[in-house]
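Residue-level listing of the chains:
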Amino acid sequence: MSRPLPVPPAPGRQQLRVEYVDAAPATLLARDDVLALFGFGREAPALDDPRYLRVPLQPHGPAPLEVWHARAPVSAGRDGEIAWSCDGELLFGAIEVDEPAGHTGEGDHSGILLAAEHAYRALTRFIGDSDYPHLLRIWNYLDAITLGDGDTERYRQFCVGRARGLGSFDPSNLPAATAIGRCDDARTIQIYWLAARAPGTPVENPRQVSAYRYPREYGPQAPSFARAMLPPDGSAMPLMLSGTASVVGHASQHDGELLAQLDETFANFDALIASARQRQPGLPPDFGPGSRLKVYVRDADDLPIVAEALDARFGDRVPRVVLHAAICRRELALEIDGVHGAE
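Definitions and cut-offs
- Residues numbered from 1 in each chain as written.
- Predicted model: local features only at pLDDT ≥ 70, side-chain atom pairs only at ≥ 80, totals over all residues.
- Heavy atoms only, no water.
- Phe/Tyr/Trp six-rings, centres within 6.5 Å; stacked < 30°, edge-to-face > 60°.
- Helix = DSSP H or I, 4+ residues; strand = E, 2+ residues; numbered from the N terminus.
- Buried < 20%, exposed > 50% of the residue type's maximum accessible area, 1.4 Å probe, protein only.
- Lys NZ or Arg CZ within 6 Å of the ring centre and 35° of its normal.
- Pairing = 2+ DSSP bridges.
- Contact = heavy atoms within 4.5 Å.
- Axes fitted to C-alpha atoms, helices over the stretch in contact; angles between N-to-C directions.
- Core = buried A, V, L, I, M, F, W, Y, C linked by side-chain atoms within 4.5 Å.
- Salt bridge = Lys/Arg side-chain N within 4 Å of Asp/Glu carboxyl O.
- Expected span 1.5 Å × (residues − 1).

## Notes on the packing of aromatic side chains
- In the structure shown here, the tally under the stated rule is 17 aromatic pairs.
- Their ring planes at 75 degrees and their centres at 6.1 Å tell us that Phe 266 and Phe 287 sit as a pair that is edge-to-face. Placement of the pair is Phe 266 in helix H4 (residues 258-277) and Phe 287 in the loop between H4 and strand E17 (291-297), with a sequence separation of 21 residues. Like Phe 287, Phe 266 is buried.
- With centroids separated by 5.4 Å and ring planes inclined at 75 degrees, the aromatic side chains of Phe 266 and Phe 314 adopt a geometry described as edge-to-face. Here Phe 266, found in helix H4, pairs with Phe 314, found in helix H5 (residues 303-314); they are 48 residues apart in sequence, far enough to count as distant. Like Phe 314, Phe 266 is buried.
- Site record: aromatic cluster; members linked through ring pairs are Phe 38, Trp 68, Phe 92, Trp 139, Tyr 141, Tyr 192 and Tyr 296.
- Here the basic side chain of Arg 137 rests over the ring of Trp 139, its NZ or CZ set 4.0 Å away from the ring centre.
- One residue, Arg 197, lies across the ring of Tyr 132, its end atom 5.6 Å from the ring centre.

See the structure below:
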């Protein structure tokens with residue numbers, strides 16, 4: 001067992017560079033500037049390095065590895081359930097929690113609530129005891145995300161567990177986040193995050209109601225995340241984009257129209273980036289070589305259609321990975337998250 005040791009701040013600026021690469025994981029993990037490494041799907045290897053995480057979402061076509069480069073040297077270890085790595089300015093962490101037995105029967109979806117509460121309580125305590133108390137970005141992957149009706153739906157139960165685990169919090173300072181459904185029938189919630197010594201700046205989308213202000217019709221606990229996160233002041237880091245879909249105000253748009261949902265999603269990104277540029281004018285106004293996108297598609301038959309539409313929109317200008325995953329609303333066919341900055 002180990003924890004990030006108290007260290008003075010790293011000289012220079014915080015830095016994070018995300019890339020998608022085709023390489024041997026061992027080769028990348030031999031580098032001392034790798035903060036985190038992600039493999040996708042069934043074919044991704046299982047490795048013991050705390051910086052490596054196998055994400056249980058199947059890619060469409062060949063799957064690159066996602067690499068987070070930070071300042072060297074990076075140190076890493078494990079503290080109980082949590083794997084971590086840090087570079088003196090940024091902290092990567094990951095936790096996987098099985099849903100407890102006895103809470104997964106028909107009509108009982110409280111297992112995901114309990115697992116999420118446990119995971120978030122653990123990560124909140126972990127970062128609170130570290131030199132990296134400011135959450136910037138979180139990813140959540142859970143099975144059967146829309147199973148259940150009304151307030152028993154598993155996503156709504158997850159939102160309750162997440163909020164309980166976070167404890168007392170200021171909604172205006174929530175991190176950017178993604179919550180996506182894994183499709184492998186494994187009742188294990190996987191959560192990973194990026195935290196920092198210094199706080200970032202949350203960004204909201206003028207086309208959308210802030211998620212933490214959603215009305216009661218979406219569940220007993222509004223989702224706890226910001227639409228995006230600008231990095232700490234003075235850092236060499238990209239804008240971090242939350243999972244974004246075809247939602248205007250708080251209502252889903254274009255039910256049953258896959259490509260219309262894709263267009264609406266990018267309209268939301270246009271507005272979100274414009275909002276972020278009011279604070280950071282140097283951000284490019286459009287996606288380009290400094291952007292990285294993860295595209296989550298609900299129906300496997302739609303994967304090639306979405307991939308072709310992205311090829312038509314971006315060509316090879318925007319590195320991306322397309323993944324088979326369930327979205328947190330049944331009527332939504334896709335969701336996209338990523339990072340955005342100058343090349």
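So much for the structure itself; the text now carries on.
## Let's talk about the sheet that holds strand E4 (residues 58-59)
- Taken in spatial order, the seven strands line up as E4-E18-E17-E19-E14-E13-E12 in an open sheet, and their pairing is mixed. In this open sheet, the two strands that pair with only one neighbour each are E4 and strand E12 (201-203).
- Sheet topology places E17 next to strand E18 (residues 320-324); five bridges connect them, and they run parallel. Within E18, the residue paired with Tyr 296 across the bridge is Leu 323.
- On top of the sheet, H4 reaches E12, strand E13 (228-230), strand E14 (239-244), E17 and strand E19 (334-340); it is set at about 30 degrees to E19, its chief contact.

## Re the environment of Arg 162
- In this fold, Arg 162 is placed in helix H3 (residues 154-166).
- In the structure, Arg 162 is positioned 22 residues away from Asn 140 in sequence and 10.0 Å away in space, judged by C-alpha atoms.
- The residues contacting Arg 162, other than those within four sequence positions of it, are Ala 116, Tyr 120, Asn 140, Tyr 155, Ala 177, Pro 223, Ser 224 and Phe 225.

## Section: the nonpolar core
- Ranked by size, the top nonpolar core spans 74 residues in total, and within it Trp 68, Phe 158, Tyr 192 and Trp 193 carry the most contacts.
- Counting residues per element, this core draws most heavily on helix H2 (residues 110-128), at nine residues.
- Core analysis: the second largest hydrophobic core is formed by 27 residues, Leu 239, Leu 262, Leu 272 and Phe 287 among them.

## Side note on the pattern of salt bridges
- Inspection of the entire model under this criterion finds 19 salt bridges.
- With its nearest N and O atoms 2.8 Å apart, the salt bridge here joins Asp 184 to Arg 182.
- Take Asp 184: its relative accessible area is 34%, and that puts it in the partly exposed class.
- Arg 182 sits in the buried class, given a relative accessible area of 8%.
- Close ionic contact of Asp 311 with Arg 320 constitutes a salt bridge, the shortest N to O distance being 2.7 Å.
- Relative accessible area serves as the criterion here: at 46%, Asp 311 is assigned to the partly exposed category.
- Shared partners join several salt bridges into a network, and the residues in it are Asp 151, Glu 153, Arg 156 and Arg 216.

## A look at the sheet that holds strand E3 (residues 52-55)
- The strand order E1-E5-E2-E3 describes an open sheet built from four strands, whose pairing is mixed. What marks the edges here is a single partner per strand, and that holds for strand E1 (17-21) and E3. For this sheet the average axis-to-axis angle between neighbouring strands, irrespective of direction, equals 20 degrees.
- As paired elements, strand E2 (residues 34-40) and strand E5 (residues 65-69) share four bridges and run antiparallel to each other. The residue bridging Phe 38 from the neighbouring strand is Glu 66, located in E5.

## So, H3
- Between its first and last C-alpha, H3 extends 18 Å over 13 residues, near the 18 Å set by a 1.5 Å rise per residue.
- Burial analysis of H3 places twelve of its 13 residues in the buried class, the great majority of the element.
- Residues of H3 that are buried include every one of Arg 154, Tyr 155, Arg 156, Gln 157, Phe 158, Cys 159, Val 160, Gly 161, Arg 162, Ala 163, Gly 165 and Leu 166, and no others.
- Where the residues of H3 are buried, they touch H2, strand E9 (134-143), strand E10 (176-182) and strand E11 (188-196).
- One or two steps after H3, the chain reaches Gly 167, where phi turns positive at roughly 75 degrees.

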